[in-house]
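Each chain, written out:
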Amino acid sequence: MTQSDPRALKLLSPSLAFILAMVVIPMAFILVYSFYENIDLAVDRAAFQFGNWQELASDGYYHGAIWKTLRLSLIVTVLAAVLGYVPAYVIAMTQTPHKWLLLLLLIMPFWISFIIRTLSWIHIFGSQGAINSLLMALGFTDAPVAMMYNEFTVIVGFIHVFLPYMILNVYVSLDGIDRNLEPAARTLGATPWQAFVQVTLPLSLPGLAAGGLLVFVLTGGSYVTPLILGGPRDFLFANLIYDAIVTELNWPMGATLSFTLLVLLGSVVILYSRLMGLKQLSRALS
Amino acid sequence: MRVWSLLKFYTILVYGFMFAPIVVVLLLAFNDAQFGGFPIQGISLRWFYKLAENDAILRALKTSLALGLCSMVIATTLGILAALALVRYPFKGKDIVTTFLISPILVPETVLAVGLLIFMRWLHMPRSFGLLVLGHSIIALPFVVLVVQARLTGIRTDYEEAARSLGAGPIQTFFSITFPLMMPAVFAGALFAFTLSFDNITATIFWRPSGMETVPTQIFGMLRNSVSPEINALGFVMICFTLGVPILAAGVARYFSKHKI
């Protein structure tokens, strides 16, 4: 049993108190507020009634949004894994001394303004975008082809923003693997592919899982990307929260939806921490 | 080896995917045309001049800088103290405390934003600049803790012990030995906190008082119809700035690591 040092508590208490006041207590308030009654725009009454929850349970609009959010988050996660694994592997396995530079270059877009990176896809897929002007210059088409403001552009925008998280996580776990293991498998008669699938891939799964969790949860909680890159039908569950709070000023419903999203994505996090523990996550984030 | 070159080619394509939209913004910033898209009709700096005269954007820039600096100070101070406790002192329940410290990352940002907003409403406190500062600090805090913790682990305690045995008091030891050794960690954490605040839009939209714009919300507001050429110019400035700062930071970090005692 380790002895607790009293100095640790002193150093920790400001952060712990801050998180308690700014995160934990507000989460409790979301739950309390979900039972309040909405009377008019921005006017609500303290109450204990289940009207908001009944609305959530009975309205197919909300169910559709939940389903859409989970589906889109899963698509983005899988695509990010497919796109991110190979570069992480190549960087981890190259012998050049400038490895860190290659990695830095690939995660550099992470530092660039989220909104600029997101809107820049309008310059690629939009009617005045790079692809359309190329097609018109080459004479393939006279009028711009509509490629923008649909689910595809939303997915592309998400992947572009969240891919660095995936690459970094996979890279960290690949970099920690003993370099002698794959050659050892080879000398024992495994083909390169077998050596990869049976040795390297399983050892990099923690990183893949951590990256996947981050991408899934970050996508599932977003609403800005669909607003910028999506059409009217491309909304996620968080967009409904945005609508309820910012547009309709219906605070109790906004609280109800927020608590639902917290439970949905929170259960993914809890499932992950049961399986993998949160250590891997904190390792890659630093 | 053929497979390896295929993998390399794939990697280059991913690099292309990551950089193509950024390059496009950089190019279009110099487009002389009336609209913010292609084709490029000549090179000019006119949109940069327009940008420098845009009061709304300049005001948003001031707000963002002030906000970034305030939240940077709060998040870095709290984060360093917590990271010191995690690295230096034994205590019970370290795993639980670490999980608790990174919990703001695990809560969806939209939910975090609504929660804090509703709490403030219950306290009868309207949206304010102060709310933005506190909110951005809480978003940055876990990242500061993780970054500083990772850097602190590498610092040995021998020097502090030597200073103490030579008669320095705990406070003197902290300021003349520990703190200088911690500088790279402090710098990295502070930079991270500032960037997170400066870049934040998801929570900011909920927390800002009406009429107050940060750079991201200002851009978002200007985006309703199309991408104006001024946004491209602003994008150019922001990209150069955000790429310049980490390169500078990496340089500073290398400087410190080379001159380590």
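Just so you know, these numbers come straight off a predicted model, no measurement behind them.

Q: Can you explain the overall build of chain A? Please cite residues and give values.
A: The helix and strand tally for chain A stands at 14 helices and two strands. For chain A, the residues scored as buried account for 46% of the 286 residues in total. Long-range pairs, those at least 24 residues apart, make up 70% of the contacts in chain A with a sequence separation of at least 6.

Q: Tell me about the overall build of chain B, and name the residues and values.
A: Looking only at helices and strands, chain B features eleven helices and zero strands. If you list the helices and strands of chain B from N to C, you get α-α-α-α-α-α-α-α-α-α-α. Going through the 261 residues of chain B one by one, you find that 43% of them count as buried. Expressed as a percentage of contacts within chain B between residues at least 6 apart in sequence, the contacts between residues at least 24 apart total 79%.

Q: Describe the interface of chain A and chain B, naming the residues involved and giving the relevant values.
A: On the side of chain B, 72 residues touch chain A, which itself brings 72 residues to the contact. Considering each element in turn, the side of chain A that touches chain B owes the most residues, 17 residues, to helix α1 (residues 6-33) of chain A. A per-class count over the side of chain A that touches chain B returns 50 nonpolar, 19 polar and three charged.

Q: Got a sec to walk through the packing of α1(A) against helix α6 (residues 129-152) of chain B? Specific residues and values, please.
A: Two quantities define a packed helix pair, namely the angle between the axes and the distance from one axis to the other. For the pair α1(A) and α6(B), the least separation of the axes is 11 Å and the interaxial angle reads 120 degrees. Between α1(A) and α6(B), the crossing angle belongs to the class labelled oblique. For the pair α1(A) and α6(B), the crossing hand works out as left-handed. Residues A:S15, A:F18, A:I19, A:M22 and A:V23 of α1(A) form the contact with α6(B), whose participating residues are B:L134, B:I138 and B:L141. Its residues placed into classes, the contact of α1(A) with α6(B) shows seven nonpolar, one polar and no charged.

Q: Describe the environment of B:F91, listing the residues and the values that go with them.
A: Residues and elements named next belong to chain B. Its location among the elements puts F91 in the loop between α3 (55-88) and α4 (94-106). We classify F91 as partly exposed; it has 18 C-beta atoms within 10 Å. A C-alpha to C-alpha distance of 25 Å links F91 and S165, two positions 74 residues apart in sequence.

Q: Residues and numbers for the pairing of strand β1 (residues 37-40) of chain A, please.
A: Residues and elements named next belong to chain A. As defined by bridge partners, β1 adjoins strand β2 (residues 43-45) across three bridges and the pair is classed as antiparallel. Of the residues in β2, the one forming a bridge with N38 is D44. Here β1 folds back onto β2, and the loop between the two strands holds two residues, one of which, A42, carries a positive phi near 60 degrees.

Q: Which residues make up the confidence of the model for chain B, and what values do they have?
A: Residue and element names in this part refer to chain B. Of all residues in chain B, 96% attain a pLDDT of 70 or more, and the chain-wide mean is 86. When mean pLDDT is compared element by element in chain B, helix α9 (residues 204-207) scores highest at 94, while helix α11 (residues 229-258) scores lowest at 79. For this predicted complex, the interface confidence comes out at an ipTM of 0.88, alongside a pTM of 0.89.

Q: How would you explain the packing of helix α10 (residues 192-220) of chain A against helix α13 (residues 251-276) of chain A if you had to name every residue and give the values?
A: All names here are of chain A. Between α10 and α13, whose axes approach to 10 Å, the crossing angle comes to 170 degrees. When the axis of α10 is compared with that of α13, the two are roughly antiparallel. In contact with P206, A209, L213, F216, V217 and G220 of α10, α13 contributes L265, V268, V269, Y272 and M276. Residue composition of the contact of α10 with α13, by class: ten nonpolar, one polar and no charged.

Q: I'd like a description of unusual backbone geometry, backed by residues and values.
A: Although it is not a glycine, A:Y149 adopts a positive phi angle of roughly 60 degrees. Tracing the sequence through the fold places A:Y149 in the loop between α7 (130-137) and α8 (151-175). You can call A:Y149 partly exposed: it has 19 C-beta atoms within 10 Å. Phi is positive for B:H124, close to 60 degrees, though the residue is something other than glycine. Assignment of secondary structure puts B:H124 in the loop between α5 (109-122) and α6. With 6 C-beta atoms packed within 10 Å, B:H124 lands in the exposed category.

Q: Mind laying out the environment of B:P180, listing which residues take part and the relevant values?
A: In this fold, B:P180 is placed in helix α8 (residues 170-199). Separated by 76 residues in the primary sequence, B:P180 and B:F256 place their C-alpha atoms 10.0 Å from one another.

Q: Pulling in residues and values, what's your account of the nonpolar core?
A: Looking at soluble globular proteins, one finds that nonpolar side chains tend to be buried together. Among the nonpolar cores identified, the biggest contains 153 residues, and A:F162, A:Y171, B:V114 and B:V144 are the most heavily contacted of them. With residues near it in sequence (within four places) discarded, B:V114 still touches A:I30, A:I241, A:I245, A:G254, A:A255, A:S258 and B:F206.

Q: Just give me the short version of the environment of A:Y272, but keep the residues and values in it.
A: Residues and elements named next belong to chain A. Along the chain, Y272 turns up in helix α13. By the C-beta count within 10 Å, which is 21 here, Y272 ends up buried. For the pair Y272 and H98, spaced 174 residues apart in sequence, the C-alpha to C-alpha distance is 34 Å. Residues in contact with Y272, not counting those within four places in the same chain, are A209 and L213.

The rules we used
Residues numbered from 1 in each chain as written. Chains lettered and ligands numbered in written order. Predicted model: local features only at pLDDT ≥ 70, side-chain atom pairs only at ≥ 80, totals over all residues. Helix = DSSP H or I, 4+ residues; strand = E, 2+ residues; numbered from the N terminus. Buried ≥ 20, exposed ≤ 12 C-beta atoms within 10 Å, placed from the backbone. Contact = placed C-beta atoms within 7 Å. Nonpolar A, V, L, I, M, F, W, Y, C, P; charged D, E, K, R; others polar. Axes fitted to C-alpha atoms, helices over the stretch in contact; angles between N-to-C directions. Parallel < 35°, antiparallel > 145°, perpendicular 65-115°, else oblique. Left-handed = near helix turned anticlockwise from the far one by under 90°. Pairing = 2+ DSSP bridges. pLDDT = per-residue confidence, 0-100. Core = buried A, V, L, I, M, F, W, Y, C linked by C-beta atoms within 7 Å.

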